[in-house]
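Structure assessment
One-letter residues, chain by chain:
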Amino acid sequence: MIIVQITDTHIKPPGRLAYRRVDTAPFLERAVAAILALTPRPDVILATGDLVDAGDAEEYERLLGLLRPLDIPLFAVPGNHDERAGLAKAFPDLAARVGGSRFFHYTVEEWPVRLIAMDTVLPGSGAGEVCAERLGWLDARLAEQPDRPTIVFQHHPPFDTGIGHMDRLGLSGAADMAAVVRRHPQVERVLCGHLHRPIQVRWAGTIASTAPSTAHQVALDLRDDAPSAFVMEPPGYQIHMWRADTGVVSHTAMVGDYDGPYPFFKDGKLID
């Protein structure tokens, strides 16, 4: 099973730039083209939040237009820049999976790896939250299929990264979530967004990670008092490949035109 993860696309209305500098739509357009060119073909795409920048209907309409070329099932969770109602209207098939819950969480059962979408949104805040109700739901879902490999995906990472200004917009209830996940060893990964960087950590008996943005990246500055800033490092996405004999292997792919590929060998001999 091949899972592509995109995150933090931050789509704005036409003519509007994110932070007065980043035209995020062409970046997503190029990421979509790169994903469509992948061989073998991905089974699913996970979009881990901040799909639009202000939660407006116009932004979601533009987002859907940019995603339209994808003929691969896509499953999304909200980020702090999203609005649950707007996301539900844009993705009615996902809203049907959510049902009557006030949180945008659901499960995906159709592939070998079970996918659990977690809603970490704390309305009105850039930070996230997993409250007792959400954690109770997660615990119950994990208890349903204890022997099935599972990936949990959400926007806010449940761990500190060392990037101080982003950690201050972290996830309330992360320690309680760790206690839940630790009880369920079938969790192969906890996949997150929010940080605009590829970051991995051993956490709660599994691996938790964040993916790069398809547009701009958060500056890598590990000072606690570092200013909030972004850089135009190469945009990217991640590929998570699951096999029964290895579990999940994760790759970070950069979007762009680069020289190569060039061969290492010619006529059976290493090129020197």
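Along each chain, residues carry numbers from 1 onward, in the same order as the chain's sequence is written. Two thresholds apply to this predicted model, a pLDDT of at least 70 for residue-level local features and 80 or more for giving and counting side-chain atom pairs, whereas whole-chain, interface and lining totals are computed over all residues. To get the side-chain values, all heavy atoms of the structure are used, and hydrogens and water are removed first.

Note the cut-off: UniProt positions are given in the numbering used here, feature names are shortened, and annotations may be inferred rather than shown by experiment.
Under an unreviewed UniProt entry, the name given to the protein chain is Phosphodiesterase, and the source organism is Azospirillum melinis. Heading Sequence similarities (unreviewed entry) of the UniProt record for the protein chain holds this comment: "Belongs to the cyclic nucleotide phosphodiesterase class-III family."

1. Observations concerning the overall build of the protein chain
Definition in use: Secondary structure follows DSSP: runs of H or I at least 4 residues long count as helices, runs of E at least 2 residues long count as strands, and numbering of each begins at the N terminus. In this description the radius of gyration comes from C-alpha coordinates, and the expected globular size is given by 2.2 Å times residues to the power 0.38. Summary of the burial criterion: residues with accessible area below 20% of their type's maximum are buried, those above 50% are exposed, and those between are partly exposed, where the area comes from a 1.4 Å probe applied to protein chains only. Here, residues are in contact when the closest pair of their heavy atoms is within 4.5 Å. Residue exposure ignores everything except the shown protein chains as possible cover, and the areas themselves are Shrake-Rupley values with a 1.4 Å probe.
Regarding its fold elements, the protein chain presents seven helices and 17 strands. Taken over the C-alpha trace, the protein chain has a radius of gyration of 18 Å; the compact-globule value for 272 residues is 19 Å, and the two agree within 12%. Sorting the 272 residues of the protein chain into buried and exposed places 54% on the buried side. Long-range pairs, those at least 24 residues apart, make up 68% of the contacts in the protein chain with a sequence separation of at least 6. In the form shown here, the protein chain has an accessible surface area of approximately 12,800 Å², with 53% of it arising from carbon and sulfur atoms.

2. Some points on helix 7 (residues 174–182)
Given 3.6 residues per turn, any residue in an α-helix points the same way as the ones three and four places further on. Rules: Throughout, the arc means the angular range of directions from the helix axis out to the C-beta atoms.
Where helix 7 is concerned, the buried positions are Ala-174, Met-177, Ala-178, Val-180 and Val-181. End-on view of helix 7: buried residues confined to an arc of 160°, all on one side of the axis. More than 90 degrees from the buried face of helix 7, the exposed residues found are Ala-175 and Arg-182. Packed against the buried residues of helix 7 are helix 5 (132–144), strand 7 (150–153), strand 8 (171–172), strand 9 (187–192), strand 10 (199–203) and strand 11 (206–210).

3. Some details on a nonpolar patch on the surface
For the record, the criterion: Nonpolar side chains (Val, Leu, Ile, Met, Phe, Trp, Tyr) within 5 Å and like charges within 9 Å form the patches, drawn only from residues with over 30% relative accessible area and no salt bridge. Should a side-chain nitrogen of Lys or Arg be within 4 Å of a carboxyl oxygen of Asp or Glu, the pair is scored as a salt bridge.
A contiguous nonpolar patch, built from Phe-264, Phe-265 and Leu-270 and spanning about 400 Å² of accessible area, is present on the exposed surface. Position of Leu-270 among the secondary structure elements: in strand 17 (residues 269–270).

4. Overview of the packing of aromatic side chains
As a reminder of what qualifies: Classification of ring pairs rests on two measures: the distance between centres of Phe, Tyr or Trp rings, Trp counted by its six-membered ring, which must be within 6.5 Å, and the angle between planes, read as stacked under 30 degrees, edge-to-face over 60 and tilted in between. Any Lys NZ or Arg CZ found within 6 Å of a ring centre and within 35 degrees of that ring's normal is scored as a charge over the ring.
What the rule picks out here adds up to four aromatic pairs. Measuring from ring centre to ring centre gives 5.5 Å for Tyr-19 and Phe-230, while their planes differ by 40°; the resulting arrangement is tilted. Of the two residues, Tyr-19 sits in the loop between strand 1 (2–6) and helix 1 (24–36) while Phe-230 sits in strand 13 (residues 230–231), which places them 211 residues apart along the sequence. Judged by its relative accessible area of 46%, Tyr-19 falls in the partly exposed class. Given the relative accessible area of 29%, Phe-230 is considered partly exposed. Between Phe-75 and Trp-111, the aromatic rings sit 5.9 Å apart at their centres with planes inclined by 75°, giving edge-to-face as the arrangement. In this pair, Phe-75 is assigned in strand 3 (residues 74–77) and Trp-111 in the loop between strand 4 (106–108) and strand 5 (114–117), connecting sequence segments 36 residues apart. The ring of Phe-27 has Arg-30 lying over it, and the distance from NZ or CZ to the ring centre is 5.0 Å.

5. Structural notes on the sheet that holds strand 4
Put simply, the rule is: Any two strands are treated as partners once DSSP identifies two or more bridges connecting them. Only the stretch in contact is used when a helix axis is fitted, and all axes are lines through C-alpha atoms; the angle between N-to-C directions ranges over 0 to 180 degrees.
In space, the six strands of this open sheet follow the order 4-5-7-9-11-10, with mixed pairing throughout. Edge strands, defined here as strands with exactly one partner in the open sheet, are strand 4 and strand 10. Taken over all neighbouring pairs, the strand axes of this sheet differ in orientation by 20° on average, direction set aside. With five bridges joining them, strand 10 and strand 11 adopt antiparallel strand pairing. Bridge assignment links Trp-203 to a residue of strand 11, and that residue is Thr-206.

6. Section: the packing of helix 1 against helix 2 (residues 57–67)
Rules: Any angle that is under 35 degrees is reported as roughly parallel, and any over 145 degrees as roughly antiparallel; angles of 65 to 115 degrees are reported as roughly perpendicular and all others as oblique. Note: crossing handedness is left-handed where the near helix turns anticlockwise from the far helix by less than a right angle, and right-handed where it turns clockwise. Three classes are used: nonpolar for Ala, Val, Leu, Ile, Met, Phe, Trp, Tyr, Cys and Pro, charged for Asp, Glu, Lys and Arg, and polar for all others, with Gly counted as polar.
Running from N to C, helix 1 and helix 2 cross one another at 30°; their axes reach a closest spacing of 9 Å. Our classification of the angle between helix 1 and helix 2 gives roughly parallel. As for the relative orientation of helix 1 and helix 2, their crossing is right-handed in sense. Contact residues: Ala-25, Leu-28, Glu-29 and Val-32 in helix 1; Arg-62, Leu-63, Leu-66 and Leu-67 in helix 2. Its residues assigned to classes, the contact of helix 1 with helix 2 comprises six nonpolar, no polar and two charged.

7. What about the pairing of strand 9?
Put simply, side chains in a regular strand alternate between the two faces of the sheet. Of all six residues that make up strand 9, five are buried, and the element is covered over most of its length. By the bridge criterion, four bridges tie strand 9 to strand 11 in an arrangement that is parallel. Note on strand 11: the bridge partner recorded for Leu-191 is Ser-209.

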